[in-house]
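# Summary of structural features
Take a look at the letters that make up each chain.
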Amino acid sequence: DQQVKQNSPSLSVQEGRISILNCDYTNSMFDYFLWYKKYPAEGPTFLISISSIKDKNEDGRFTVFLNKSAKHLSLHIVPSQPGDSAVYFCAASVRGQNFVFGPGTRLSVLP
Amino acid sequence: DGGITQSPKYLFRKEGQNVTLSCEQNLNHDAMYWYRQDPGQGLRLIYYSQIVNDFQKGDIAEGYSVSREKKESFPLTVTSAQKNPTAFYLCASGRASATGELFFGEGSRLTVL
């Protein structure tokens, strides 16, 4: 049973528009959430994180929103660029231990 | 340069052979992890270690073994008992703190012939 879900396997967005990637989790003990970006045949790279004591964290074009009551988080990329095309993984942990990853969403930003 | 180094990047193995994947980090991180990625699936945790000489099974540890004799090194052995070993293997390390991210290596692709 997946504890971290990303229900959209893929997403296509026009360059310059907003990309919204969604993630749902089931374990209410998760208190730290992260987003990773991954290109083929490479390791994931860290993008942005959020602690459960916050509901929003922003870093440049990337913003993560956390809705604890809905057990839902989302990653917003504005404006989207072709270089953002990659697979995005949502991950969650309890006190920084045993990170659990979602299945990923493949984002394609069309020029 | 600080980082995580995995080797080899590509590896071919015959059925019935054990193979060991190397993972070395110079980030002075206490925690190290091994994940497996299959097409269409997320990263599944094989083993992790929070401290030297100690490690824990993850969700899919069967058919794998690890050791953590040094802080910098966390090799993974894929044994012949692993029924479906062909996959992309990722090693990661982290500070083992409540709010710290994982840093990943570039991965090792194992193909069993």
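Just above, that's the structure.
Residues numbered from 1 in each chain as written. Chains lettered and ligands numbered in written order. Predicted model: local features only at pLDDT ≥ 70, side-chain atom pairs only at ≥ 80, totals over all residues. Heavy atoms only, no water.

### Quick notes on the pairing of strand β7 (residues 62–67) of chain A
Residue and element names in this part refer to chain A. In this structure, strand β6 (residues 56–59) lies alongside β7, joined through four bridges in antiparallel fashion. Its bridge partner being in β7, E58 is matched across the sheet by T63. Counting the residues in the hairpin turn of β6 and β7 gives two residues, including G60, whose phi is positive at 65 degrees. Between β7 and strand β8 (residues 72–77), which pair antiparallel and follow one another directly, the connecting turn spans four residues, one of which, K71, has a positive phi of 50 degrees. (Pairing = 2+ DSSP bridges. Helix = DSSP H or I, 4+ residues; strand = E, 2+ residues; numbered from the N terminus.)

### Remarks on a nonpolar patch on the surface
Residues and elements named next belong to chain A. A contiguous nonpolar surface patch, about 220 Å² in accessible area, is contributed by I18, I20 and V78. The residue V78 is located in the loop between β8 and β9 (86–94) in this model. What makes V78 partly exposed here is its relative accessible area of 41%. (Patch = residues over 30% accessible without salt bridge, like charges linked within 9 Å, V, L, I, M, F, W, Y side chains within 5 Å. Areas by Shrake-Rupley, 256 points an atom, 1.4 Å probe, with all protein chains shown as cover. Salt bridge = Lys/Arg side-chain N within 4 Å of Asp/Glu carboxyl O. Buried < 20%, exposed > 50% of the residue type's maximum accessible area, 1.4 Å probe, protein only.)

### Description of unusual backbone geometry
Residue P79(A) is bonded to the preceding V78(A) through a cis peptide linkage, with omega at -15 degrees. Note that the residue after S7(B), namely P8(B), is joined by a cis bond; omega there is -5 degrees. Residue position: P8(B) is located in the loop between β1 (4–7) and β2 (10–13). We note that A41(A) has phi near 60 degrees; this positive angle belongs to a residue other than glycine.

### Let's talk about empty space enclosed by the protein
All told, the structure shown has one cavity of 30 Å³ or more when counted by the stated rule. One number sums up the size of the largest cavity: a volume of about 30 Å³. Lining the largest cavity, in full, are G96(A), F99(A), Y33(B), G94(B), R95(B), A96(B), S97(B), G100(B), E101(B) and L102(B). (1 Å grid on protein atoms, 1.4 Å probe; cavity = no way out; pocket = protein on both sides within 12 Å on 5 of 7 lines; lining within 4 Å. Points joined across faces, edges and corners; volume = space filled by probe spheres on them.)

### Focus: the sheet that holds β1(B)
Residue and element names in this part refer to chain B. Read across the sheet, four strands follow the order β1-β3-β8-β7 without closing on themselves; strand pairing throughout is antiparallel. Every interior strand has two partners, whereas the edge strands, β1 and β7 (64–66), have only one. Averaged over all adjacent pairs, the angle separating strand axes in this sheet is 20 degrees, with direction ignored. In terms of strand pairing, strand β3 (residues 19–25) meets strand β8 (residues 76–78) through three bridges, oriented antiparallel. (Axes fitted to C-alpha atoms, helices over the stretch in contact; angles between N-to-C directions.)

### Focus: the environment of V66(B)
Residues and elements named next belong to chain B. Mapped onto the fold, V66 is located in strand β7. Note: C-alpha distance between V66 and F55 (11 residues apart in sequence) is 7.8 Å. Non-local contacts of V66, meaning those with residues more than four positions away in its chain, are made with W34, Y47, F55, F74, P75 and L76. (Contact = heavy atoms within 4.5 Å.)

### Here we look at the layout of surface pockets
With a probe scaled to a water molecule rolled over the atoms, the places where space remains empty come into view. Approximately 380 Å³ is the volume attributed to the largest pocket. Taken together, 19 residues form the lining of the largest pocket, with V87(A), R106(A), Q37(B), P39(B) and G40(B) sitting closest to its centre. If you list the elements that add at least two residues to the lining of the largest pocket, you get β9 and β11 (105–110) of chain A. By residue class, the composition of the lining of the largest pocket is nine nonpolar, six polar and four charged. Its volume calculated, the second largest pocket comes out at about 320 Å³. Lining the second largest pocket are 17 residues, with Q2(A), V100(A), F101(A), R44(B) and D59(B) sitting closest to its centre. Listing elements by their share of the lining of the second largest pocket, those giving two or more residues are β10 (97–101) of chain A together with β5 (43–51) of chain B. The dominant element in the lining of the second largest pocket, judged by the number of residues it contributes, is β10(A), at four residues. Partitioning the lining of the second largest pocket into residue classes produces eight nonpolar, six polar and three charged. (Nonpolar A, V, L, I, M, F, W, Y, C, P; charged D, E, K, R; others polar.)

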